[in-house]
Amino acid sequence: MSKVAIVTGGARGIGRACAHALARQGFDIALVDLLVPEMQRTQGEIEALGRSVSIHEADVSDFARAGEIVAAVTRQHGRVDVLVNNAGRGNPTGILDITEEEFDRTIAVNLKSCFNYIRHVAPLMKAQGSGRIISMSSLNAHSGGVTAAVSRFSYAAAKAGILGMTRALAKELGPEILVNAICPGVIETELGNSITRARGPELARGIALQRLGKPADVANIVAFLAASEPCFITGQDFVVDGFQYNV
Ligand SMILES: NC(=O)c1ccc[n+]([C@@H]2O[C@H](COP(=O)([O-])OP(=O)(O)OC[C@H]3O[C@@H](n4cnc5c(N)ncnc54)[C@H](O)[C@@H]3O)[C@@H](O)[C@H]2O)c1
């Protein structure tokens with residue numbers, strides 16, 4: 001039986017790269033996203049690598065829908081080996097302007113979404129005696145905001161929440177389930193496009209590796225945390241930013 005990974009926000013950007021990297025490690029993939037045509041494109045690319053891919057249209061902030069998707073993947077594969085909580089969205093509104101609804105939505109899409117999927121996969125992983133959960137936080141969780149045009153405090157709060165959740169759940173769900181998080185810096189994707197197009201060279205000058213990140217830079221470490229055996233790493237977060245010291 002092949003192993004299976006659920007990747008939220010897997011239609012494009014970092015999630016798409018994670019799905020590719022996991023497929024190359026031999027995982028079958030379940031993509032979850034709002035964007036159906038983009039998911040179908042990614043599905044085609046990964047099927048060409050010889051892996052099976054299912055696509056699931058969903059808003060990750062929907063708890064009940066997360067349960068339906070995890071149940072569907074389990075019916076199809078009999079197991080869930082890896083969950084990548086990647087779906088997320090920035091929010092550039094400052095504290096003096098943000099509405100309550102906007103704040104709640106940022107927390108729901110970036111943080112509660114992780115709870116929604118972990119709540120449904122954790123019992124399965126416990127029962128099968130193994131599992132890996134990797135959630136996409138952000139450098140913002142540490143820095144309080146790298147590029148204010150993309151995201152400010154509500155996004156930083158949600159992404160910092162992922163780090164607390166990761167540490168607590170590593171204790172609660174171990175030793176069977178390993179729980180880690182990734183903190184990307186500025187990565188060239190659709191989410192960051194407007195800012196990287198306008199300020200790319202300027203941002204790169206403040207990065208030790210003198211370039212912006214690529215989705216594959218993040219996907220490589222996700223695949224490592226998902227597949228390496230043995231693995232003695234849990235409850236950690238990994239900054240993937242080329243050392244962006246000038247923020
Ligand atoms: N690009 C960066 O510089 C950067 C930096 C730090 C963290 N991140 C995080 O990495 C993750 C991926 O970002 P990306 O840059 O690839 O962005 P992206 O916009 O290119 O991709 C995000 C994907 O998530 C999906 N998505 C967004 N909201 C959703 C929802 N409510 N329900 C279902 N799917 C939803 C989008 O449709 C899209 O396919 C996000 O969590 C983001 O916060 C990105």
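See the structure above.
None of these values were measured; they are calculated from a predicted model. (Residues numbered from 1 in each chain as written. Predicted model: local features only at pLDDT ≥ 70, side-chain atom pairs only at ≥ 80, totals over all residues. Heavy atoms only, no water.)

1. Some thoughts on unusual backbone geometry
Move 1: Cis geometry is found at the peptide bond from Gly174 to Pro175, where omega equals 5 degrees.
Move 2: Structurally, Pro175 can be placed in the loop between α6 (153-173) and β6 (177-184).
Move 3: The step from Glu229 to Pro230 runs through a cis peptide bond, and the omega angle for that step is -5 degrees.
Move 4: The residue Pro230 is located in the loop between α8 (215-227) and β7 (237-240) in this model.
Move 5: The phi angle at Gln210 is positive, at roughly 60 degrees, despite the residue not being glycine.
Move 6: Following the sequence through the fold, Gln210 ends up in the loop between α7 (193-205) and α8. (Helix = DSSP H or I, 4+ residues; strand = E, 2+ residues; numbered from the N terminus.)

2. Focus: the sheet that holds β7
The strands that make up a sheet pair up through hydrogen bonds in the backbone, lying either parallel or antiparallel.
Move 1: Strand order in the open sheet made by the seven strands is β3-β2-β1-β4-β5-β6-β7, with parallel pairing throughout. In this open sheet, the two edge strands, each paired with only one partner strand, are β3 (53-57) and β7. Across the sheet, the axes of successive neighbouring strands diverge by a mean angle of 15 degrees, strand direction being ignored.
Move 2: Pairing between β6 and β7: four bridges, direction parallel. Among the inter-strand pairings, Pro184 is bridged to a residue of β7, identified as Val240.
Move 3: Running over the sheet, helix α4 (residues 100-128) touches β1 (4-8), β2 (28-33), β4 (82-85), β5 (131-136) and β6 and is turned about 175 degrees from β4. (Pairing = 2+ DSSP bridges. Axes fitted to C-alpha atoms, helices over the stretch in contact; angles between N-to-C directions. Contact = heavy atoms within 4.5 Å.)

3. As for the nonpolar core
Move 1: By size, the foremost hydrophobic cluster in this structure holds 32 residues, and its most contacted members are Ile6, Leu83, Tyr117, Ile118, Val121, Ile133 and Leu173.
Move 2: When contributions to this core are tallied by element, the ones reaching two or more residues are β1, β2, α3 (63-77), α4, α6 and β6.
Move 3: By residue number, the principal contributor to this core is α4, which donates seven residues.
Move 4: In contact with Tyr117, other than residues within four places in its own chain, are Thr8, Val32, Ala58, Val60, Ala66, Ile69, Val70, Leu83 and Asn85.
Move 5: Counting residues in each nonpolar core, the second largest holds 29 residues, with Ile14, Ala17, Ile46 and Ala226 among its members. (Core = buried A, V, L, I, M, F, W, Y, C linked by side-chain atoms within 4.5 Å. Buried < 20%, exposed > 50% of the residue type's maximum accessible area, 1.4 Å probe, protein only.)

4. With respect to the packing of helix α1 (residues 13-24) against helix α2 (residues 36-47)
Move 1: Relative to each other, α1 and α2 sit at 20 degrees, their axes nearing to 10 Å. Considering the angle they form, α1 stands roughly parallel to α2. Regarding α1 and α2, the two cross each other, and that crossing is right-handed. Only Arg41, Thr42, Glu45 and Ile46 of α2 make contact with α1, whose side of the interface consists of Arg16, Ala19, His20 and Ala23.
Move 2: The residue inventory of the contact of α1 with α2, partitioned by class, reads three nonpolar, two polar and three charged. (Parallel < 35°, antiparallel > 145°, perpendicular 65-115°, else oblique. Left-handed = near helix turned anticlockwise from the far one by under 90°. Nonpolar A, V, L, I, M, F, W, Y, C, P; charged D, E, K, R; others polar.)

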